[in-house]
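Residues per chain, in single letters:
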Amino acid sequence: MSNAYSVYVTKRLLQSVVVILLAYVFTFIVVSILPGDPVTNVLRDPQNGFTEEQIREIIAAQGLDQPIPVQLWSSLSSFLTGDLGLSMRSSRPVATLIAEVLPSTLILASSALGVALVLAFAVAYGTQFLPKRFGQDLLRAFPSLFLSVPNFVIGLVLIHLFGFQLGLFRVIEPNSFWATFFAAIALGIPVSAQIAEVLIANLDNESRQEYATVARGRGLRRARLFAKHLLKPSSLPVVTVVALTIGELLGGSLITETVFGRTGVGSLVQRSVAMQDLPVLQAIVSLAAVVFVLINLIADLVYPLLDPRVKLVGGTRHRGATSTEPLQTLPGR
């Protein structure tokens with residue numbers, strides 16, 4: 001397995017590098033062909049007070065007077081060395097601007113992921129073990145409901161109910177504990193739907209296996225059966241789903257931060273688009289692509305280590321056994 005795993009790791013690393021490079025090139029091309037002239041809209045705005053000499057210096061410093069291929073090569077080379085350039089609007093380093101707002105977004109995104117996981121596992125547990133008269137079947141409709149309601153609607157409802165009506169937090173203090181908590185709920189509820197759907201489907205499948213039937217016949221409590229025997233094999237696909245939802249958390253933070261008045265990466269993107277601050281926009285989109293690719297790479301590399309049924313053949317993953325074969329001995333442990 002070690003040689004096959006090494007080949008698999010090498011192949012996935014190379015694929016990730018290619019994806020990141022293509023994402024950067026695609027983003028650069030899209031940003032470059034956006035309508036409007038950022039030099040005219042930003043630098044020659046009378047409110048900024050730039051002289052023509054200063055404008056020429058900024059254009060030369062940004063490399064905007066070079067052909068597009070030259071600009072792309074220069075921008076990509078700087079990005080690979082960690083140089084994100086200067087903001088066209090404020091002339092400050094883009095890395096500094098991102099570093100100032102990144103902690104707020106990370107706190108919101110990690111909190112929302114925690115809310116999504118707790119909510120998804122609670123719903124999945126209820127669909128398996130709650131009595132039908134207490135709404136077991138109703139819980140199965142929750143993921144579809146969570147997915148159909150936009151997070152900004154959830155956010156507005158939470159602000160009205162817990163902010164204005166109950167007074168648990170003040171809207172003018174968006175970084176307080178309760179404001180962050182309810183912002184995380186607004187962002188985490190739609191994300192939890194995808195996790196819950198995958199988890200419920202796998203729990204349904206595992207609960208029908210022979211080892212689960214044997215465990216019930218031995219009088220094993222429901223909570224113990226869930227925690228010891230059903231949860232692990234059912235939650236393995238959740239690793240992949242969680243990695244995929246990172247992109248939704250990053251994208252959803254823009255709307256959630258706007259609704260709750262938070263200052264984060266989302267609000268920085270909004271300002272950069274409105275002001276056509278291309279270096280900032282390019283850096284944020286590219287870094288988001290890097291984060292998304294790396295998280296999915298980690299999930300792909302960890303999955304074969306967690307699931308013994310996964311066999312690596314030729315650098316690709318294959319399920320090497322049925323779901324019952326490696327798990328039939330679990331109740332006897």
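Predicted model, so just to flag it, every value in this text is computed and none were measured. (Residues numbered from 1 in each chain as written. Predicted model: local features only at pLDDT ≥ 70, side-chain atom pairs only at ≥ 80, totals over all residues. Heavy atoms only, no water.)

### Focus on the environment of Ala-61
Okay, step 1: Of note, Ala-61 is situated in helix H3 (residues 52-62).
Okay, step 2: Since its relative accessible area comes to 64%, Ala-61 is described here as exposed.
Okay, step 3: It is 8.9 Å that separates the C-alpha atoms of Ala-61 and Leu-86, two residues lying 25 residues apart in sequence. (Helix = DSSP H or I, 4+ residues; strand = E, 2+ residues; numbered from the N terminus. Buried < 20%, exposed > 50% of the residue type's maximum accessible area, 1.4 Å probe, protein only.)

### As for the nonpolar core
In globular proteins that are soluble, nonpolar side chains generally tend to be buried together.
Okay, step 1: Judged by nonpolar contacts, the single largest core of 42 residues is most densely connected at Ile-195, Leu-230, Leu-249 and Phe-260.
Okay, step 2: Those elements giving two or more residues to this core turn out to be helix H5 (94-129), helix H8 (151-165), helix H9 (177-207), helix H10 (210-217) and helix H11 (222-260).
Okay, step 3: Per-element tally for this core: the top contributor is H9, with 15 residues.
Okay, step 4: Contacts of Phe-260, omitting those with residues within four sequence positions, involve Gly-155, Ile-159, Phe-169, Val-171, Pro-174, Ala-179, Phe-182, Ala-183 and Ala-186.
Okay, step 5: Ranked by size, the runner-up nonpolar core spans 20 residues in total, among them Tyr-24, Leu-97, Ile-98 and Val-101. (Core = buried A, V, L, I, M, F, W, Y, C linked by side-chain atoms within 4.5 Å. Contact = heavy atoms within 4.5 Å.)

### A closer look at the side chain of Gln-282
Okay, step 1: Secondary-structure assignment places Gln-282 in helix H13 (residues 278-306).
Okay, step 2: A relative accessible area of 6% places Gln-282 in the buried class.
Okay, step 3: For Gln-282, the side chain forms a polar contact with the main-chain nitrogen of Phe-28, separated by 3.4 Å.
Okay, step 4: Apart from the residues lying within four places of it in its own chain, the contact partners of Gln-282 are Tyr-24, Thr-27, Phe-28 and Val-31. (Polar contact = N/O pair within 3.5 Å; in protein donor to acceptor, adjacent residues only side chain to side chain.)

### Side note on the packing of aromatic side chains
Okay, step 1: Per the stated rule, a full pass over the model turns up 10 aromatic pairs.
Okay, step 2: Three or more aromatic residues link up through ring pairs in this structure, and these residues are Phe-162, Phe-169, Phe-177, Trp-178, Phe-181, Phe-182 and Phe-260. (Phe/Tyr/Trp six-rings, centres within 6.5 Å; stacked < 30°, edge-to-face > 60°.)

### Some thoughts on the environment of Ile-98
Okay, step 1: Within the element layout of this structure, Ile-98 appears in helix H5.
Okay, step 2: Beyond its immediate chain neighbours, meaning those up to four positions away, Ile-98 contacts Leu-84, Leu-268, Ala-283, Ile-284 and Leu-287.

### Overview of the UniProt feature "transmembrane region" (unreviewed entry) in the chain
Okay, step 1: Here the UniProt feature "transmembrane region" (unreviewed entry) sits at residues 12-34, 106-126, 138-164, 176-200, 238-260 and 280-303.
Okay, step 2: Segment residues 138-164 splits into 85% helix and 0% strand. End C-alpha atoms: 30 Å apart.
Okay, step 3: Secondary structure within residues 176-200 divides into 96% helix and 0% strand; the distance between the first and last C-alpha atoms comes to 34 Å. (UniProt positions renumbered as here; feature names shortened; annotations may be inferred.)

### Remarks on the pattern of salt bridges
Okay, step 1: Inspection of every chain in the model, using the stated rule, returns 3 salt bridges.
Okay, step 2: Across the salt bridge formed by Asp-300 and Arg-12, the nearest N and O atoms sit 2.5 Å from each other. Highlighted residues: Asp-300 in helix H13 and Arg-12 in helix H1 (residues 2-32), separated in sequence by 288 residues.
Okay, step 3: Note on Asp-300: relative accessible area 16%, which makes it buried.
Okay, step 4: A residue is classified by how much of its surface remains accessible, and Arg-12, at 15% relative accessible area, is buried.
Okay, step 5: Here Arg-92 makes a salt bridge to Glu-100, at a shortest N to O gap of 2.4 Å.
Okay, step 6: You can call Glu-100 partly exposed: its relative accessible area is 48%. (Salt bridge = Lys/Arg side-chain N within 4 Å of Asp/Glu carboxyl O.)

### Describing H9
Okay, step 1: For H9, built from 31 residues, the straight-helix expectation of 45 Å at 1.5 Å per residue is missed by more than 12%, its first-to-last C-alpha distance being only 39 Å.
Okay, step 2: Maximal helix bending in H9 amounts to about 35 degrees, located at Gly-188; proline Pro-190 follows within four positions.
Okay, step 3: H9 sits mainly inside the fold: 23 of its 31 residues count as buried. (Expected span 1.5 Å × (residues − 1). Bend = angle between axes of the 7 residues up to and from the residue.)

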